[in-house]
Amino acid sequence: MAGITHQEIIHLLEIRCDYYTARRYLSDGLEAAGLEPAEAYGPEEALQLRAALAEISERTQPAQEGLAEAAGLVPASEGEAEPEPEPEPEPEPEPVVEAEPVVEAEPVVEPEVVVEPEPVVEAEPEPEVVVEAEPVVEAEPEPVSEAEPVDEPVVEPVVEPVVEPVVEPVVVAEPV
């Protein structure tokens, strides 16, 4: 490569910088190298600009590499062949472990379990509980004088029916 264009340097800087930072770095680099902005830069100018960009920031590394190629310090990467990938080593087969022969055991005879039936208890039906409410007697209000306030309201008793639990009969299965 005999040189590098201004726009190519901008593109190289934008690899690691945003739009404005790339232009700022190039402007500062040209000023530090004592160069004026131009459409293209020759090998000697590329070396000066590369040294100036190296002093500005590590983020200018892609542009420094491009300027080194433009100056002829590094061969261009366009013609390089890609290295062939190394073949992966074949995994070694796992050793075969032989199993011992299986010996069948004689069946174990378990004693027969005898379940004695429990007596079935039948529950007697429970009589219905009928709760009769007491009649409510309303008291006649006593005459109230203006000087005596009434403090307590009349509370009627609440009677709740009593419910007893139901006992269900137990069913026992016959032995098989």
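Use the structure listed above.
Residue positions are given per chain, counted from 1 along the sequence in the order it is written. In keeping with the predicted nature of the model, local features appear solely for residues at pLDDT of at least 70, side-chain atom pairs appear and are counted solely at 80 or more, and the whole-chain, interface and lining totals rest on all residues. Remark: hydrogens and water are excluded; side-chain values derive from all non-hydrogen atoms of the structure.

Enquirer: In this structure, what is going on with the nonpolar core? I would like to understand it.
Expert: What tends to happen in soluble globular proteins is that the nonpolar side chains get buried as a cluster. By size, the foremost hydrophobic cluster in this structure holds 18 residues, and its most contacted members are Ile4, Ile9, Leu13, Leu26, Leu30, Leu49 and Leu67. Here a strand is any run of E in DSSP of at least two residues, a helix any run of H or I of at least four, and the numbering for each starts at the N terminus. Taken together, the elements giving at least two residues each to this core come down to helix 1 (6-13), helix 2 (19-33), helix 3 (43-56) and helix 4 (61-71). Contact definition: two residues touch when any of their heavy atoms are within 4.5 Å. If we ignore the near neighbours within four places in the chain, the residues touching isoleucine 9 are Ile4, Leu26, Tyr41, Leu49, Ala63 and Leu67. Only buried residues count toward a nonpolar core. Its members are Ala, Val, Leu, Ile, Met, Phe, Trp, Tyr and Cys residues joined through side-chain atoms within 4.5 Å. Relative accessibility under 20% of the residue-type maximum defines a buried residue, over 50% an exposed one, and the middle range a partly exposed one, all with a 1.4 Å probe and only protein chains included.

Enquirer: What is the right way to look at the packing of helix 2 against helix 3 in this model?
Expert: Working note: a packed helix pair is described by the angle between its axes plus the distance between those axes. To define axes, lines are fitted to C-alpha atoms, for helices over the stretch in contact only, and angles between the resulting N-to-C directions are given on a 0 to 180 degree scale. Two numbers describe how helix 2 lies on helix 3: the axes approach to 8 Å, and their chain directions differ by 120 degrees. The angle between helix 2 and helix 3 places the two elements in the oblique class. In terms of crossing hand, the pair formed by helix 2 and helix 3 is right-handed. Between helix 2, through Tyr25, Leu26, Asp28, Gly29, Leu30, Ala32 and Ala33, and helix 3, the contact on the second element is made entirely by Gln48, Leu49, Ala52, Leu53 and Ile56. The labels follow the angle: roughly parallel below 35 degrees, roughly antiparallel above 145, roughly perpendicular from 65 to 115, and oblique for the rest. By convention the crossing between two helices is left-handed if the near helix lies anticlockwise of the far one by an angle smaller than a right angle, and right-handed if it lies clockwise.

Enquirer: How do you make sense of the packing of aromatic side chains when you look at a structure like this?
Expert: The geometry of two aromatic rings is summed up by the distance between their centres and the angle between their planes. In summary, the pairing rule links any two rings of Phe, Tyr or Trp, Trp by its six-membered ring, whose centres are within 6.5 Å, and it sorts them by plane angle into stacked for under 30 degrees, edge-to-face for over 60 and tilted for everything else. Summed over the entire model, instances satisfying the criterion amount to one aromatic pair. Between tyrosine 19 and tyrosine 20 the ring centres are 5.0 Å apart and the planes differ by 85 degrees, which places this aromatic pair in the edge-to-face class. Under the relative-accessibility criterion, tyrosine 20 is labelled exposed at 64%. Should the NZ of a Lys or the CZ of an Arg lie within 6 Å of a ring centre and within 35 degrees of the ring normal, that charge is described as sitting over the ring. A cation over a ring is seen here: arginine 23 above tyrosine 19, with NZ or CZ 3.5 Å from the ring centre.

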